[in-house]
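Observations on the three-dimensional arrangement
Residues per chain, in single letters:
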Amino acid sequence: MSKGAVEQFVKDERGKTDEVVKIELDLEMQFLFHQLKKKLGNGLSNKETLRKLLRQLTENIKEPNSKKIPGDGNYKSRYIPINNKRMALQQTSGKCSFERCTKPHDHIHHISPYSESKNHHPKNLMPLCKEHHELVHNKDPLYLKYRLR
Ligand SMILES: [Zn+2]
Ligand SMILES: [Zn+2]
């Protein structure tokens, strides 16, 4: 949408009530959302974070079909390259990815399983402590009590 089109849309829609869209975020979505929120500035509300993201996406998306994250499917070995590991660990200072968890990571979890994605890109890696790694794999509903960093 061009800037003019956005302005016209806002003008046309003025006076109408906001649309309520309810979306349940799964674990991967929570993780990605919190990562992006942190990058955009921690003081933002969820709504403002989403607004910024949508604006940036509107500007940046040129090929709607390119959903792949960098490095997708390019890795031949199950072994995570050291630089990718380092970058993933930098995001959490070596700790577990869960927000209130202060434990050091015990395992680097693949958000999209390696067996399916063959993807060791840092965006697909999530450092987790032993307990939370088990939680994620067992999809224990307890994990909903926790928030990701
Ligand atoms: Zn895992
Ligand atoms: Zn943990």
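Shown above is the structure to which this text applies.
The structure reproduced in this document is the subject of the present report. (Residues numbered from 1 in each chain as written. Chains lettered and ligands numbered in written order. Predicted model: local features only at pLDDT ≥ 70, side-chain atom pairs only at ≥ 80, totals over all residues.)

Some words on the overall build of the chain
Heads up, the condition is: Comment: elements are numbered from the N terminus, with helices defined as DSSP H or I runs of at least four residues and strands as E runs of at least two. Three classes are used. A residue is buried when 20 or more other C-beta atoms lie within 10 Å of its own, exposed when 12 or fewer do, and partly exposed in between, with C-beta atoms placed from the backbone. Any residue pair is listed as a contact if its two C-beta atoms, each placed from the backbone, are within 7 Å.
If you tally the helices and strands in the chain, you get 6 helices and 2 strands. Relative to its 149 residues, the chain shows a buried fraction of 14%. Put simply, 63% of the contacts in the chain that link residues at least 6 apart link residues at least 24 apart.

What to know about the environment of Lys-103
Within the secondary structure, Lys-103 sits in the loop between helix H4 (82-91) and strand S1 (107-110). Sequence spacing of Lys-103 and Leu-128 is 25 residues, and the spatial spacing of their C-alpha atoms is 8.5 Å. If we skip the residues at most four places from it in the chain, Lys-103 touches Lys-95, Cys-96 and Cys-129.

Here's the deal with the environment of Ile-108
One can find Ile-108 in strand S1. Owing to 19 C-beta atoms within 10 Å, Ile-108 belongs among the partly exposed residues under this scheme. Taking the C-alpha atoms as reference points, Ile-108 and Ile-80, separated by 28 residues in sequence, lie 9.0 Å from one another. Excluding its chain neighbours within four sequence positions, the residues that come into contact with Ile-108 are Ile-80, Lys-85, Ala-88, Leu-125 and Pro-127.

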